[in-house]
Amino acid sequence: MREKMSTETSATGSFGAVTAERGICFGGDYNPEQWDSSVWREDVELMRRAGVNLVTVGVFSWARIEPSPGVRDFAWLDEVLDLLHAAGIAVDLATPTASPPPWLGIRYPETLPVDQDGVRLVPGSRNQFSPASRVYREHALAISRDLAARYATHPAVRMWHVGNEFGQVDFGDEAAREFRRWLHTRYGGVDGVNTAWGTAFWSQHYADFDEILPPRRAPYLINPTQSLDFRRFTSDLLRECYREIRDAIREAGATQPITTNFMGFFALVDYRSWADDVDVIADDQYPDPADPQSAVDIALTQDLMRSLGGGRPWILMEQATTAISWRSHNLPKSPQKARLDSLQAVARGADGVCYFQWRASSAGAERFHAAMLPHAGADTDLFRGVCRQGADLRLLRPVVGSTVEAEVAIVFDWSSWWAAEEPARPTERLVAMEQLGRWYRQLWRRGIAVDVVAPDADLDRYRLVLAPQLYITEPDAAAALERAVERGAHLVVGPFSGVADRNAHVLIGRSPALLREVMGVSGEEWCALPDDDVVLVGDWWQQTDGAAEASILGERLRTDGAEVLLSYADGPLAGLPAVARNSRGAGAAWHLGAVVSDAVLSKILGEAAAAAGVRGVVPELDVLPDLLEAVQRGPVLFLLNHGTEEQRIPVRPGLVDLLTSEATDHVVTVRPGEVRALIERADS
Ligand code: GLA
């Protein structure tokens, strides 16, 4: 697989070919249609000054290209692309399909999406289209075809960008028809739907497909499998919209890589099912500068993006230079923080670092959103910071094309996430994403690289496999996890796993179903825990710093061969096992039957990593100083200080910092907000 990757990355027309020629891509969304053409020359001049080498053009330009039905105005775009090309700036050309002009919705109201309450949304914002609407799709295809026919061979165009942040949902009649079609394909007939949805409950039996609706507003709880399938359907429908435009671009003769921008752990789209459809993974990331821990959450997202691409370099397609405008209170970033954020993405596998947007808008809904060139112009700390980033990224060329090698896999699956968060369950306090983040943090603070994988992924190369909450457990996934343990991996499984099948039906028998044998424990009840944390006890717990406690949810477990590490001291599960370890084959399985406190989680994951032979990239330190991030990408060891204290980190001798040319010896200082990019010295 790795060998295949390297040929793919160097193929003509691939993202690898773009970066092989230009180094790390740097730039942002460029929306020249917001400005008079007299501004464009200044834009290009300043882009060159900043080291910008890639801009995404045209994302919201539908009304400019097609001001009235069927008309085409490409003259302005011709001029913009030629200007950029003359300046050596590559273009990621976007289809303008995310924001239809008002005339489309007014003429064809069926193109407008209907929300869960039956309200049809109106033009005046953006994204007002239904992915199920035939008319919308025909118009979107027509403009995309013409755009592609005109620019497929334009020398500036090095990438294509379909739409923007696909995420529209429609509950209207046309969506209902498409949903039925999707159900038909999945289940063959209405009986299949009845079985999968368990419609014997509450008299929901469907006699005919025509009776089936999207999960619109209803008097009480909606059938959970209906909701789950509607999410799957919506994700697939959006992918269909993406695919048909992508295919139209190809048919027009374009050979450049084609992509669209993801939104991290976005709840409406299963990006794993899209990953093979994009030529390069691209993601938009807006961590909250007010949250010092956001560096950890964003690292997890970046690892997801790298993993979705099978380890290949990805693009940070959008981020903000300073304050955004869509939270209720928007803290700014310093130029140093913006640089730190960009270099973090590079450390975690990005070969492209871009922003929304190049020039700050003076009108429109996002007039207070940061840009690379602020309202105040080029004589600003912000713009000087942007120029510095451009220079820094050029220095990081040695990482281009390389990946981050991980020996740890963390299992994450959209369907399981969706199903686990359907209402009416033991507790709504168990939030899958929170637990994923808590587990990940334990690896992050040890400088241990992690891939984010599907439950049935090939686990051969991993020594440690974590499943914080595998709510839906399918036979293939259970077998893969079991095989990994037999072969010597350590597996750690969290509470409320092995609960349901792919239809979100609760699996019959003791839990965690399908995993009982490998875990060596089994349970008969999931118990929400009282508000006061429950104390855990056991000889295994020798620590004095931090409490051994459980909260939120526990399982009424018995051991079926596993060694009990911690039991409940009191509460509803007093005396029963809470944490157990089962040796099996050449490996071991650790079962967490409750949400455990950070101290316990740290000890479990630290011990499991050590037992699996997994070390962090700073082997001298078991745990890194607070908010110090360490990642090895290809030949470069990145050290990033997200905290407020200066840190001194032990490193092997003979390294040099690519960003400063400073040689280091045994210990390197990383000041707050600073990044080190250390590579073997040529003479060492
Ligand atoms: C998203 C969109 C952009 C812009 C930014 C603002 O990422 O793709 O068009 O609205 O948000 O943060």
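Residues numbered from 1 in each chain as written. Predicted model: local features only at pLDDT ≥ 70, side-chain atom pairs only at ≥ 80, totals over all residues. Heavy atoms only, no water.

Draft legend 1. Examining the site of the ligand more closely. What surrounds the ligand is the set Phe60, Arg126, Asn164, Glu165, Asp284, Tyr286, Glu318, Trp326, Phe356, Glu366 and His369. Between the ligand and arginine 126 there is a distance of 3.0 Å, counted from an oxygen atom to a side-chain nitrogen or oxygen. Take glutamate 318: an N or O atom from its side chain is 2.3 Å from an oxygen atom of the ligand. For the ligand, whose unbound accessible area comes to 300 Å², protein coverage reaches 97%. (Near = heavy atom within 4 Å. Polar contact = N/O pair within 3.5 Å; in protein donor to acceptor, adjacent residues only side chain to side chain. Areas by Shrake-Rupley, 256 points an atom, 1.4 Å probe, with all protein chains shown as cover.)

Draft legend 2. Just the pairing of strand β22 (residues 636–641), in detail. Of all 6 residues making up β22, 6 are buried, and the element is well covered by its neighbours. On β22, burial covers both faces: Val636, Phe638 and Leu640 on one face and Leu637, Leu639 and Asn641 on the other are all buried. Of the strand pairs in this sheet, strand β21 (residues 628–633) and β22 are connected by 6 bridges, and their pairing is antiparallel. Considered in β22, the bridge of glutamate 629 is made with leucine 640. Linkage of β21 to β22, two consecutive antiparallel strands, is achieved through a turn of 2 residues, within which glycine 634 is found at a positive phi near 55°. Pairing of β22 with strand β27 (residues 675–680), which is carried by 4 bridges, proceeds in the antiparallel orientation. Following the sheet pairing, leucine 640 is matched in β27 by valine 675. (Buried < 20%, exposed > 50% of the residue type's maximum accessible area, 1.4 Å probe, protein only. Helix = DSSP H or I, 4+ residues; strand = E, 2+ residues; numbered from the N terminus. Pairing = 2+ DSSP bridges.)

Draft legend 3. Quick look at helix α12 (residues 294–308). End to end, α12 covers 21 Å across 15 residues, agreeing with the expected 21 Å (1.5 Å per residue, within 8%). Of all the 15 residues making up α12, 14 are buried; the element is thus mostly covered by neighbouring parts of the structure. Phi turns positive, to about 65°, at glycine 310, one or two residues after α12. (Expected span 1.5 Å × (residues − 1).)

Draft legend 4. Summary view of a nonpolar patch on the surface. Side chains of Phe201, Trp202 and Tyr220 sit close together on the surface and give an oily, nonpolar patch of about 410 Å² of accessible area. Tracing the backbone through its elements, the reader meets tryptophan 202 in the loop between α9 (190–197) and α10 (224–251). Of the residues examined, tryptophan 202 reaches a relative accessible area of 47% and is grouped as partly exposed. (Patch = residues over 30% accessible without salt bridge, like charges linked within 9 Å, V, L, I, M, F, W, Y side chains within 5 Å. Salt bridge = Lys/Arg side-chain N within 4 Å of Asp/Glu carboxyl O.)

Draft legend 5. Here's a closer look at the sheet that holds strand β8 (residues 314–318). Ordered by their spatial adjacency, 9 strands build an open sheet running β5-β4-β3-β2-β1-β9-β8-β7-β6, and the pairing between neighbours is parallel. Sheet topology places β5 (258–259) and β6 (261–262) at the edges, where each strand pairs with a single neighbour. Bridge count for strand β7 (residues 282–284) against β8 is 3 bridges, and the pairing is parallel. In the strand pairing of β8, alanine 282 is matched with isoleucine 315. Against the sheet, helix α7 (residues 134–151) makes contact with β3 (90–94) and β4 (157–161), and its axis sits at roughly 170° relative to β4, the strand it touches most. (Contact = heavy atoms within 4.5 Å. Axes fitted to C-alpha atoms, helices over the stretch in contact; angles between N-to-C directions.)

Draft legend 6. Region of interest: the packing of aromatic side chains. Counted under the stated rule, the structure contains 29 aromatic pairs. With a centroid separation of 6.3 Å and 90° between ring planes, the pair formed by phenylalanine 166 and tyrosine 242 is classed as edge-to-face. Here the residue phenylalanine 166 occupies a position in the loop between β4 and α8 (173–187), and tyrosine 242 occupies one in helix α10, the gap between them amounting to 76 residues. With respect to burial, phenylalanine 166 and tyrosine 242 carry one shared label: buried. Linked through ring pairs, Phe166, Tyr242, Phe262, Phe265, Phe266, Tyr271, Trp274, Phe412, Trp414 and Trp417 together constitute an aromatic cluster. A cation over an aromatic ring shows up here: arginine 581 above the ring of tryptophan 590, its NZ or CZ 4.9 Å from the ring centre. A cation sits over an aromatic face here: lysine 603 above tryptophan 540, 4.6 Å from the ring centre. (Phe/Tyr/Trp six-rings, centres within 6.5 Å; stacked < 30°, edge-to-face > 60°. Lys NZ or Arg CZ within 6 Å of the ring centre and 35° of its normal.)

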